Amino acid sequence: MKNYESCRSRRADLADEYFFPFDCFGTALERRAMATKFKLALVQLAVGASKGDNIARAVAMVKQAAAAGAQMVALPECFNSPYGTNYFPEYAEPIPGPCTDALAKAAKDNSVFLIGGSIPEKASDGKLYNTSTIYSPEGTMIGVHRKIHLFDIDVPGKIRFQESESLTPGNTFTCFKTPYCDVGVAICYDIRFAELAQVYAQRGCKLLVYPGAFNMTTGPAHWEALQKGRALDNQLYVATVSPARDESASYVAWGHSTVVSPWGEIVATTEHEEKIVYADIDMARVEEVRTMVPLRNQRRHDLYKVVDLTQTSETDKIQK
Ligand SMILES: O=C(O)CCC(=O)C(=O)O
């Protein structure tokens, strides 16, 4: 990533959305060597009641991950606030705002791509969203994902959660470019919707990252199976990043931040304590799996199709 900043400044004529870092790295050979593998770090953060402490700890763990060699770091869903509809109004803040400024600085200081988990966002019209922001290694915000599918479920005697009591769903897809691959970002409950992952795959993403906070009912039942499903359907890497478990919280997170390969293997995972999970991501593995099992040439588009209905630049922009 050493060349990134000088490349960006040489291409200052390009707006951010047109700047592909991939174009700027050294010779074709160097580019290939740099572009096929990278280290992803998932920060399974212990989230508490103090927003300031949560942010400070997240920033410290981004630094730790970068020092351990990660080129891309991801934080969990709702990393600066306890998870709960009663907390969202109290902890929400604008984007950009103090929390996202701290994330931008952490990305820049450590020269990493940073997927900033999610935070409760207060938009200018007063609506609240569950929002993930993404940063380039130079600290530029290169993506914003407002959770598309709100977590409204009722499992009698186990868990009832109605995120829509305080949040509004987003309407846009979020993919960003890196020197290694395009990455799709969605949040927690979004992982249950296979069509969203298929749209991201159709857009060229080879890694999907889901900051998430499954619970003690749906976590053991579905968390890993959903990741394997999305990975196998689309023949790409899937990463999930959860907060650490806090048994005293009103919502107890499952933990188990995990990376699954395009072959459906668990590449890296953990239990429920605070920890950084590291995974080596290898684009050659994506190609290998896609060659061995050539689903992409075998689809019966004469019989069925997943259609991306938002394929215009306008609807991809954040709507405040
Ligand atoms: O889908 C689930 O079971 C959990 C989803 C969730 O916790 C969330 O969307 O925040």
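Look up: the structure comes first, before these words.
Let me begin by describing the structure that accompanies this report. (Residues numbered from 1 in each chain as written. Predicted model: local features only at pLDDT ≥ 70, side-chain atom pairs only at ≥ 80, totals over all residues. Heavy atoms only, no water.)

1. With respect to empty space enclosed by the protein
- Overall, the coordinates contain one cavity of 30 Å³ or more when judged by the stated rule.
- Its volume calculated, the largest cavity comes out at about 50 Å³.
- Considering the residues around the largest cavity, the lining is formed by Phe 151, Cys 188, Tyr 189, Arg 192, Ala 213, Phe 214, Asn 215, Thr 218 and Tyr 251. (1 Å grid on protein atoms, 1.4 Å probe; cavity = no way out; pocket = protein on both sides within 12 Å on 5 of 7 lines; lining within 4 Å. Points joined across faces, edges and corners; volume = space filled by probe spheres on them.)

2. Looking at the site of the ligand
- Taken together, the neighbourhood of the ligand is formed by Glu 77, Tyr 83, Lys 147, Phe 151, Cys 188, Tyr 189, Arg 192, Ala 213, Phe 214, Thr 218 and Tyr 251.
- Here Thr 218 contributes a side-chain N or O atom positioned 2.6 Å from an oxygen atom of the ligand.
- If the ligand stood free it would expose 290 Å²; the protein chains cover 100% of that surface.
- Among the cavities detected, the one that contains the ligand is the largest cavity. (Near = heavy atom within 4 Å. Polar contact = N/O pair within 3.5 Å; in protein donor to acceptor, adjacent residues only side chain to side chain. Areas by Shrake-Rupley, 256 points an atom, 1.4 Å probe, with all protein chains shown as cover. Sits in = over half its atoms within 2 Å of the grid points.)

3. A look at the sheet that holds strand S13 (residues 258-260)
- Reading across from one edge, S9-S10-S11-S12-S13-S14 is the order of the six strands in this open sheet, with mixed pairing throughout. One side of each edge strand has no neighbouring strand; the edge strands of this open sheet are strand S9 (175-177) and strand S14 (266-268). Neighbouring strand axes in the sheet, compared pairwise and without regard to direction, differ in orientation by 25° on average.
- Across two bridges, the pairing between S13 and S14 is antiparallel. Counterpart to Val 259 in the pairing with S14 is Ala 268. (Pairing = 2+ DSSP bridges. Helix = DSSP H or I, 4+ residues; strand = E, 2+ residues; numbered from the N terminus. Axes fitted to C-alpha atoms, helices over the stretch in contact; angles between N-to-C directions.)

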